[in-house]
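Here is how the chains run, residue by residue.
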Amino acid sequence: GRDGEGHITRLDSDGNVVDATWVEGLNAPKGLRSHDGTLWVADIDRVVGFSIETGEIVSEVTIDGAIFLNDVAIGDDGTVYVSDTLTTTIYAVMNGSALVFAQGNELEHPNGLLVDGDRLIVGAWGMPNDDFSTDVPGRLFALNLETAEKTLITEDPLGNIDGVESDGRGGFIVSDYQAGTVMQITASGDIIQLQQFGPGAADLAYIPEGNVLMVPHMNENRVVAYDVSDAIQ
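Definitions and cut-offs
Residues numbered from 1 in each chain as written. Predicted model: local features only at pLDDT ≥ 70, side-chain atom pairs only at ≥ 80, totals over all residues. Heavy atoms only, no water. Pairing = 2+ DSSP bridges. Helix = DSSP H or I, 4+ residues; strand = E, 2+ residues; numbered from the N terminus. Axes fitted to C-alpha atoms, helices over the stretch in contact; angles between N-to-C directions. Buried < 20%, exposed > 50% of the residue type's maximum accessible area, 1.4 Å probe, protein only. Polar contact = N/O pair within 3.5 Å; in protein donor to acceptor, adjacent residues only side chain to side chain. Contact = heavy atoms within 4.5 Å.

Undergrad: Just give me the short version of the sheet that holds strand S19 (residues 181-185), but keep the residues and values in it.
TA: Ordered in space as S17-S18-S19-S20, the four strands form an open sheet in which the pairing is antiparallel. Strands at the two margins of the open sheet, each flanked by one partner only, are strand S17 (161-166) and strand S20 (191-196). If you compare each strand with its neighbour and ignore which way they point, the axes differ by 25 degrees on average. Pairing between S17 and strand S18 (residues 172-176): four bridges, direction antiparallel. Within S18, the residue paired with Ile161 across the bridge is Asp176.

Shown next as structure tokens:
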């Protein structure tokens, strides 16, 4: 939603609605991560923290110059990393203030983020055209959390990457929003297609115990859980 109408709905493990307006006061919420009892949300030009217990705002940081804050990741020290896809910037939010962590075309218009040990895993969209299509899509790469040095995980362009999660095996699960593909990038670098959907497969979740893949299908306004045990490696 927009103009203060955005909210987050809470579901139980079976997909039933527990609280239709669990978190309110948002504009166009996108990336979500939880850490130490706080749910962190990217909301256009601000990062908002909510108490998971009460649903009330506990932190709100507006980022000057931000246009399209997208995904969030949380470091062990509580630092919130958030991507701004359109300005090809990643910010670090800590103690109520935001700093530029990394910026520039080498970030390939970052979208999905995940903290993995001492590095930030980045799923890039690629340079977007006016309709968000890309002539060259993005790659999956890592940034050192101390130096922001970039290391490629996929040498070649992979897709319009949206969601990035750990596969629990040393690799990653990623979604290509435009192509509707969900892939596993194994620890050895193999690329395995897990599911093929229509466009709109967005920021996903993955539960290694049980090999459960949860995919929001944005164009269909639904969230679906899949068992990918037969495909995961």
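Here the narrative resumes.
Undergrad: Let's hear about the side chain of Asp43: which residues, and what values?
TA: Relative to the helices and strands, Asp43 is located in strand S4 (residues 38-43). Look at Asp43 and you get buried, because its relative accessible area is 0%. In terms of polar contacts, Asp43 uses its side chain to reach the backbone amide nitrogen of Ala28, at 2.8 Å. When near neighbours in sequence (up to four residues on either side) are disregarded, Asp43 contacts Leu26, Asn27, Ala28, Pro29 and Val48.

Undergrad: So what about the sheet that holds strand S22 (residues 212-217)? Which residues, and what values?
TA: A sheet is described by the order of its strands in space; here three strands give the open sequence S21-S22-S23, paired in antiparallel fashion. Both outer strands of the open sheet, strand S21 (205-207) and strand S23 (222-227), are each paired with one neighbouring strand and no more. Geometrically, the sheet is characterised by an average inter-axis angle of 20 degrees between neighbouring strands, direction not taken into account. Sheet topology places S22 next to S23; six bridges connect them, and they run antiparallel. From the neighbouring strand, Val215 faces S23, where its bridge partner is Val224.

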